[in-house]
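Chain residues, written in single-letter form:
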Amino acid sequence: MKWTLSGTWDEEFYATSVSSQTNKSEPKLIEVLWKSKPPVPGADKYYNMTEFACQLNEMEFGIAPTDSRFRPDQRLMEECLWDAANLEKVRLEEKQRNSEKRWERGEEDMKSVDVLSVQSRQIYTPLWFQKGMDEIIPKTSSYKYTEKYWEQKKMKLWNMCPKIY
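To start, this report covers the structure provided alongside it. On a predicted model such as this, the values are computed, not experimentally measured, just so you know.

A few words now on the overall build of the chain. Helices and strands together make up the secondary structure of the chain, namely 4 helices and 5 strands. Taken from the N to the C terminus, the helices and strands of the chain come in the order β-β-β-α-α-α-β-β-α. Across the 165 residues that make up the chain, the buried fraction comes to 19%. Carbon and sulfur atoms make up 57% of the accessible area of the chain, which amounts to about 13300 Å² in all.

Attention now goes to helix H3 (residues 82-104). Each full turn of the α-helix corresponds to 3.6 residues, which orients residues three or four apart in the same direction. Between its first and last C-alpha, H3 extends 33 Å over 23 residues, near the 33 Å set by a 1.5 Å rise per residue. Here H3 has its buried residues at Ala-85, Glu-88, Leu-92, Ser-99, Glu-100 and Trp-103. Contacts made by the buried residues of H3 are with helix H2 (72-78).

On to unusual backbone geometry. If you check the backbone angles, Lys-139 has positive phi at about 60° while not being a glycine. Turning to its location among the elements, Lys-139 is positioned in the loop between strand S4 (129-133) and strand S5 (141-145). Here Lys-156, not a glycine, exhibits a phi torsion of approximately 55°, which is positive. Take Lys-156: it is sitting in the segment after helix H4 (148-155). Relative accessible area serves as the criterion here: at 51%, Lys-156 is assigned to the exposed category.

Bringing the pattern of salt bridges into the picture now. Summed over all chains, the structure comprises 10 salt bridges. With a shortest N-O distance of 3.3 Å, Lys-35 and Glu-12 are connected by a salt bridge. With a gap of 23 residues between them, Lys-35 in strand S3 (residues 30-35) and Glu-12 in strand S2 (residues 12-18) connect regions that are remote in the sequence. By relative accessible area, Lys-35 is classed as exposed at 54%. Ionic pairing is found between Glu-135 and Lys-144, a salt bridge with its closest N-O pair at 3.2 Å. Given the relative accessible area of 67%, Glu-135 is considered exposed. When salt bridges that share partners are traced, they join Glu-60, Asp-67, Arg-69 and Lys-153 into one network.

Reading guide: rules and limits
- Residues numbered from 1 in each chain as written.
- Predicted model: local features only at pLDDT ≥ 70, side-chain atom pairs only at ≥ 80, totals over all residues.
- Heavy atoms only, no water.
- Helix = DSSP H or I, 4+ residues; strand = E, 2+ residues; numbered from the N terminus.
- Buried < 20%, exposed > 50% of the residue type's maximum accessible area, 1.4 Å probe, protein only.
- Areas by Shrake-Rupley, 256 points an atom, 1.4 Å probe, with all protein chains shown as cover.
- Expected span 1.5 Å × (residues − 1).
- Contact = heavy atoms within 4.5 Å.
- Salt bridge = Lys/Arg side-chain N within 4 Å of Asp/Glu carboxyl O.

See below:
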């Protein structure tokens, strides 16, 4: 059986069965895959985000130190400390630029590098993805998730992560 997927980002997402034959009397199956929940009380104070969207940034024990939930500028913004958040963002960007310059001059190896922008360089190997031929699009390369993140999380072993904050 084949399915078509449709819906909207803010209401619902569903799958509809597609008949392999042209028999119009055959009923179509419709399965709702996701349906938005009504806004929680006070959602207007949180940019009308859903409860789920707000929970995405909640801290969690045992995550990688590169997780965006550790971004100090983001944390300051959540506390409505806009000026401090902006200063921290500028500090992080400057840190990344300086680290990239040191790396380009050969003064820093990839294990101690603390920049995000070097990930586009061929010498850099992503921690959680492996480059290979795309399984769907012929003659195209793509990155495939290696599942190593969950192994490292289970062992609470993050020493291979760059220091980006």
